[in-house]
Amino acid sequence: MPQQKDIVKIAIQMPGAYPQLIQLDQKKPLSAVIKEVCDKWNLSGPENFALQYADGVQTYITESNRLDIKNGSILRLTKAPGRCAEDLYKGIQSSDPGVRCESLKELAAVSTDITFAQEFISRDGHSLLVQIVEDANEVPMVMLHTLTAFMELMDHGIVSWENLSSVFIKKVVSFVNGKLLDASIQQVSLDIMESMVLSSSSLFHQIRKEITLDQLISHLQVSNQLLQTKAMALLMALLQTAGETDRQDLFAFLEKKNLRQYIYKNIIHSSGSVGDEMAHHLYVLQSVRLNLLEPRMKTPLDSFNQEQREALHSLRQAVFETESEGSLSNERRRSLCAKEFKKLGFSNNSNPGQDLGRTPPGLLALDTMTYFASRYPDAYSRFVLENSSREDKHECPFARSSIQLTLILCEILRIGEPPSETGSNYHPIFFAQDRLLEELFCICIQLLNKTWKEMRATQEDFDKRILPLDKRPTTCFFLTKRFWVINRWPFDPLGWYECPAFCLWRQFSPTIPVARGSEPQSFYEVPVADIKALLTGKDCPHMKENKGKQTKEMLDLAFSITYDVEEYSLNFIASSRTDFCLWTDGLNVLLGKEMSSEAMRSELEILLSMEIKLRLLDLENVPIPDTAPPIPKPPSNFNFCYDFSQTEQ
């Protein structure tokens, strides 16, 4: 008798017959089980039959996967994989176009099963498919089924991609390069080419030689999202497989063809949402492109490199007068340069190159500083000159801040990290800028200077708050809406307040973010200094305008912020009394006023009551110990209890 654990209760179906409910003995050979099933239906030749799942992925049942069968599974009796492979092999060679088309269609469906694929490939069936593609004499529907079946067979890894002929490769590439072909054929062809590129470097070079990149980019401009995704997948395969030189050449060509604008316009801001697969490809493109900066990030400044020295001195020359330097002695010139480098915020003003010896960020910090100085010369000059005129302790060191900020941005953008196989966290802003890192740096360094000035920060604040930022989970309090919020698309206005970076930023910024709507550009900052008053209840402008229409509950939850400028006001209605108290108390604190909500008074009363009770204890000569009292020893026995059933007299 078989043990109960080896018995699985299943149902077996066959077209035109009543289903059989059997108890499958997992210890019994599968061939014996099939013979018993065939005998009940009076079928001869059980070796020509096999069991297959009836639902979901219709996988053949074999000795290797039979233990996956669960109680209640529904199987069906069907043709054995070998017999099915033989029939389809003959069918695709039929002279009847209809039979050939149906056979290829069925082949494309069943080729997902590895058991069938092994049988079909053992008959050299894949070579037959290659021949059909090379001849290219079939109608589009037949060609689509042929390519689909070929792709499914090759996915199992039974046959090497390197065994394919150059004629076949050129024919598949021609399907992608063609402009008037069926989109479904192009999608499968792109899929095949992606697999070929990822399989070997020799196939990469062959595909790179044959593919027309202009036509590949044009597939990103269509409205067919699946075709867009397949084209992007091939493009990412080419970039990831390419060597360093080939990758840089590819990026140079793609930048020349404005690939970034195509993606930003036709994919990210298309009418449909970005799918998971496309999101992954955009993430990979972002990672591969940003990782081109890794060599600069890991290279320290070489003081003997003329180009790097000139770039370093250009920071000084861009903001300080240099006409009279030629007439100065060497010693006087060195003294003047050291003084100016000190004003720029370098720690080692006599040899500022040492500040850039730290890797990361290495030369990348020099690149961001020179980009800021050349791209935004007025903002750069204003930054340096403003801090030069402040007291020494209140100077915001441009160079030190820039080096630390560049390091933080490198960590946020994950420069130097290979793309994850499952990653999909791409930043839309990456595709809106040619120089993402540099542009982010320019925004952040100016915001840092603004925050520094409003805080009246000192060098001590720099050491305590700026330097340790790269060690915190949320590293960049000054990115705010320009980076974190724009990338939360679609956008939840309330969700922004929960952003960890924003929560950290709120501790430093003397402004309040306000939303006009639900889009990122609808957010702006309200300087606390511009707030005239905080109004509540019936004093609010929006309550006065709707006098007689509002309820008492609305009055209790209403508050407004008024301005000195144009008597403008921001009007709010809190969702609950708790939220009302939190908002009004917080705003009063920002304005330097006392908190006045009933929640504050209630909590204050609790604290005062506790303090009074403690003082009364003290009045009764009850000493309040500084440490917890010792735990008493346990009793000698536990033969006691309290009877709660009897009422105390």
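These figures come from a predicted structure and were not determined experimentally.

Engineer: Help me understand helix α17 (residues 330-343), please; the structure alone is not making it clear to me.
Structural biologist: Each turn of an α-helix holds 3.6 residues, which means side chains three or four residues apart point in the same direction. With 14 residues, α17 should reach 20 Å at 1.5 Å per residue; the first-to-last C-alpha distance of 20 Å fits that figure. Among all positions of α17, only Leu336, Cys337, Ala338, Glu340 and Phe341 are buried. Buried residues in α17 make contact with α16 (306-317). Just past α17, the residue Gly345 takes up positive phi, approximately 95°.

Engineer: Explanation requested: the sheet that holds strand β3 (residues 49-53) in the structure shown.
Structural biologist: Two strands in a sheet stick together by hydrogen bonds in their backbones, pointing the same way (parallel) or opposite ways (antiparallel). The mixed open sheet is built from 4 strands, whose spatial order is β2-β1-β4-β3. Edge strands, defined here as strands with exactly one partner in the open sheet, are β2 (17-25) and β3. The sheet shows a mean angle of 35° between the axes of neighbouring strands, direction not considered. For β3 and strand β4 (residues 74-79), the ladder comprises 5 bridges, and the chain directions are antiparallel. Bridge pairing links Ala50 to Thr78 in β4. Lying over the sheet, helix α2 (residues 81-91) contacts β3 and β4, oriented at roughly 50° with respect to β4.

Engineer: Would you explain the pattern of salt bridges in this entry?
Structural biologist: Side chains that differ in sign of charge can pair as their charged atoms come close. All told, the structure shown has 20 salt bridges when counted by the stated rule. For the salt bridge of Arg435 with Glu438, the shortest nitrogen-to-oxygen distance reads 3.2 Å. Taken together, the shared-partner salt bridges connect Glu86, Glu119 and Arg123 into one network.

Engineer: Explanation requested: the confidence of the model for the protein in the structure shown.
Structural biologist: Parts of the prediction with low pLDDT should not have their coordinates interpreted in detail. The pLDDT averaged across the protein works out to 82; a share of 84% of its residues lies at or above 70. Here residues 468-509 is a poorly scored stretch, pLDDT under 50, and it has 97 contacts once near neighbours within four places are set aside; other chains count. Within the model, pLDDT remains below 50 along residues 515-523, and this stretch shows 21 contacts once partners closer than five positions in the same chain are excluded.

Engineer: What should I look at first to understand the sheet that holds strand β7 (residues 531-536) in this one?
Structural biologist: Spatially, β7-β8-β9 is the arrangement adopted by the 3 strands of the open sheet, whose pairing is antiparallel. Because the sheet does not close on itself, it has two edges, and the strands there are β7 and β9 (569-573). Averaged over all adjacent pairs, the angle separating strand axes in this sheet is 15°, with direction ignored. Judged from the 5 bridges that link them, β7 and strand β8 (residues 558-563) form a sheet pairing that is antiparallel.

Definitions and limits used
Here the residue index of a chain counts from 1 through its sequence in written order. The model is predicted, so local features are restricted to residues of pLDDT at least 70 and side-chain atom pairs to those at 80 or more, both for listing and for counting; the totals for chains, interfaces and linings are taken over all residues. Note that water and hydrogens are dropped before the side-chain values are worked out from all heavy atoms of the structure. Helix and strand labels come from DSSP, where a helix needs a run of H or I of at least four residues and a strand needs a run of E of at least two; each type is numbered from the N terminus. A helix's residues, less one, multiplied by 1.5 Å, set its expected span. Using a 1.4 Å probe on the protein chains alone, a residue whose accessible area is under 20% of its type maximum counts as buried, one over 50% counts as exposed, and one in between counts as partly exposed. By definition in these notes, contact holds between two residues if any of their heavy atoms fall within 4.5 Å. Note: two strands are recorded as paired if DSSP finds a minimum of 2 bridges between them. Between the N-to-C directions of two axes lies an angle of 0 to 180 degrees, each axis being a line fitted to C-alpha atoms and, for a helix, fitted only over the stretch in contact. The rule for a salt bridge is simple: a side-chain nitrogen of Lys or Arg has to be within 4 Å of a carboxyl oxygen of Asp or Glu. Think of pLDDT as the predictor's per-residue confidence, scored from 0 to 100.

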